[in-house]
Amino acid sequence: MQQHPHISRRRTGRLAGLTAALAAVVGLSTLTGPGAHAADNPYERGPAPTESSIEALRGPYAVSQTSVSRLAVTGFGGGTIYYPTTTADGTFGAIAVSPGYTALESSISWLGPRLASQGFVVFTIDTNTTLDQPDSRGDQLLAALDYLTQRSSVRNRVDSGRLGVMGHSMGGGGSLEAAKDRPSLQAAIPLTPWNLDKTWPEVRTPTLIFGADGDTIAPVSSHAEPFYNNLPSSLDRAYLELNNATHFTPNSSNTTIAKYSISWLKRFIDNDTRYEQFLCPLPRPSLTIEESRGNCPHTS
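Note that the coordinates shown come from a computational prediction; the quantities given were computed from them, not determined experimentally.

Asks: Before we move on, can you summarise the overall build of the protein chain with the specific residues and values?
Replies: Counting its regular elements, the protein chain contains 7 helices and 9 strands. Counting every position in the protein chain, which comprises 300 residues, the buried fraction comes to 53%. Relative to all contacts within the protein chain whose residues are 6 or more apart in sequence, the contacts with residues 24 or more apart total 69%. Carbon and sulfur atoms make up 55% of the accessible area of the protein chain, which totals about 13,100 Å².

Asks: If you had to explain the sheet that holds strand 8 (residues 237-242) to someone new, which residues and values would you point to?
Replies: Hydrogen bonds between backbone groups are what pair the strands of a sheet, and the pairing can be parallel or antiparallel. Overall, mixed pairing links the 9 strands, which are arranged 1-2-4-3-5-6-7-8-9 in an open sheet. Here the strands that pair on one side only, and so sit at the sheet edges, are strand 1 (63-68) and strand 9 (289-294). Averaged over all pairs of adjacent strands, the angle between strand axes in this sheet comes to 15 degrees, irrespective of strand direction. Inspection of the sheet shows strand 6 (residues 187-191) paired to strand 7 (residues 207-212) by 2 bridges, in the parallel sense. Counted as the bridge partner of Leu 191 is Phe 210 from strand 7. This element, helix 5 (residues 170-181), spans strand 3 (92-98), strand 5 (158-168), strand 6 and strand 7 of the sheet and lies at about 145 degrees to strand 5.

Asks: Give me helix 5: which residues, what numbers.
Replies: With 12 residues, helix 5 should reach 16 Å at 1.5 Å per residue; the first-to-last C-alpha distance of 16 Å fits that figure. In terms of residue burial, helix 5 counts as a mostly covered element, since 10 of its 12 residues are buried. Three or more residues of helix 5 are buried, namely Met 170, Gly 171, Gly 172, Gly 173, Gly 174, Ser 175, Leu 176, Glu 177, Ala 178 and Ala 179. Taken together, the buried residues of helix 5 touch strand 3, helix 4 (134-150), strand 5, strand 6, strand 7 and helix 6 (224-229).

Asks: Give a description of a negative patch on the surface that names residues and reports values.
Replies: A cluster of like negative charges, contributed by Asp 135, Asp 139, Asp 181 and Glu 202, occupies part of the molecular surface. Tracing the backbone through its elements, the reader meets Glu 202 in the loop between strand 6 and strand 7. You can call Glu 202 partly exposed: its relative accessible area is 35%.

Quick notes on the rules
Residues numbered from 1 in each chain as written. Predicted model: local features only at pLDDT ≥ 70, side-chain atom pairs only at ≥ 80, totals over all residues. Heavy atoms only, no water. Helix = DSSP H or I, 4+ residues; strand = E, 2+ residues; numbered from the N terminus. Buried < 20%, exposed > 50% of the residue type's maximum accessible area, 1.4 Å probe, protein only. Contact = heavy atoms within 4.5 Å. Areas by Shrake-Rupley, 256 points an atom, 1.4 Å probe, with all protein chains shown as cover. Pairing = 2+ DSSP bridges. Axes fitted to C-alpha atoms, helices over the stretch in contact; angles between N-to-C directions. Expected span 1.5 Å × (residues − 1). Patch = residues over 30% accessible without salt bridge, like charges linked within 9 Å, V, L, I, M, F, W, Y side chains within 5 Å. Salt bridge = Lys/Arg side-chain N within 4 Å of Asp/Glu carboxyl O. Lys, Arg positive; Asp, Glu negative; His and termini not counted. Charge placed at Lys NZ, Arg CZ, Asp CG, Glu CD.

Structure below.
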């Protein structure tokens, strides 16, 4: 029996109305709150970023912290875990951060709450000794991540498949070692790094290297620049040289380091392409940036 054309149109109209209503409900559920994230990216955390939101001292998440005694762990020297207080948003990506030669956790502790408030679990660590070399610091960063995901009190808040490493000086060299040894890492950020090894063809982890134009301890010409140049050319990689900066610039709160670190971690640990706008096109020279290099757009 042939269907009346007006009935067919009415049914089509009802279906269209139901579809639109459902879309509106779904849309409303993704618009508000720190944990709002799009259905096509289950790892997206927090509201849409702005220049001011990634430069702010704190992001949208309230942060708690817990101390980890060196007596309670093996393979590294304990530290402090910073994490979003909410449990409403599921798990978060995580980052372990190592200090440099002769330095303590306190030298990189500012990164803990600043990054965690943007939607990460952050473990700033002490090393076994303050004299540990980069290869040892790389092993310790991985041991810290293993503790974080397997034994820590916040392990249920961490997505063990979305991990990254950061480090200053020899800790920065250690972050390259960690990325070489564990290709499953999603992001690495060496800060004014030092390492006797200058070539990194084994690295498969998206890597952002910070250098400093006034660094006399790990001069960019013999450390940060060759590290960047000898990463695989096909890798998502970037080099950002801080202007009017020293080897120790990463040891205190720094908006430029925070801004681009947050963007890199969000882009590659959370697969959050909303942050690509702050990385590509490459930042231009400014009062805080001497130069930048990288491959844009990113493909990971």
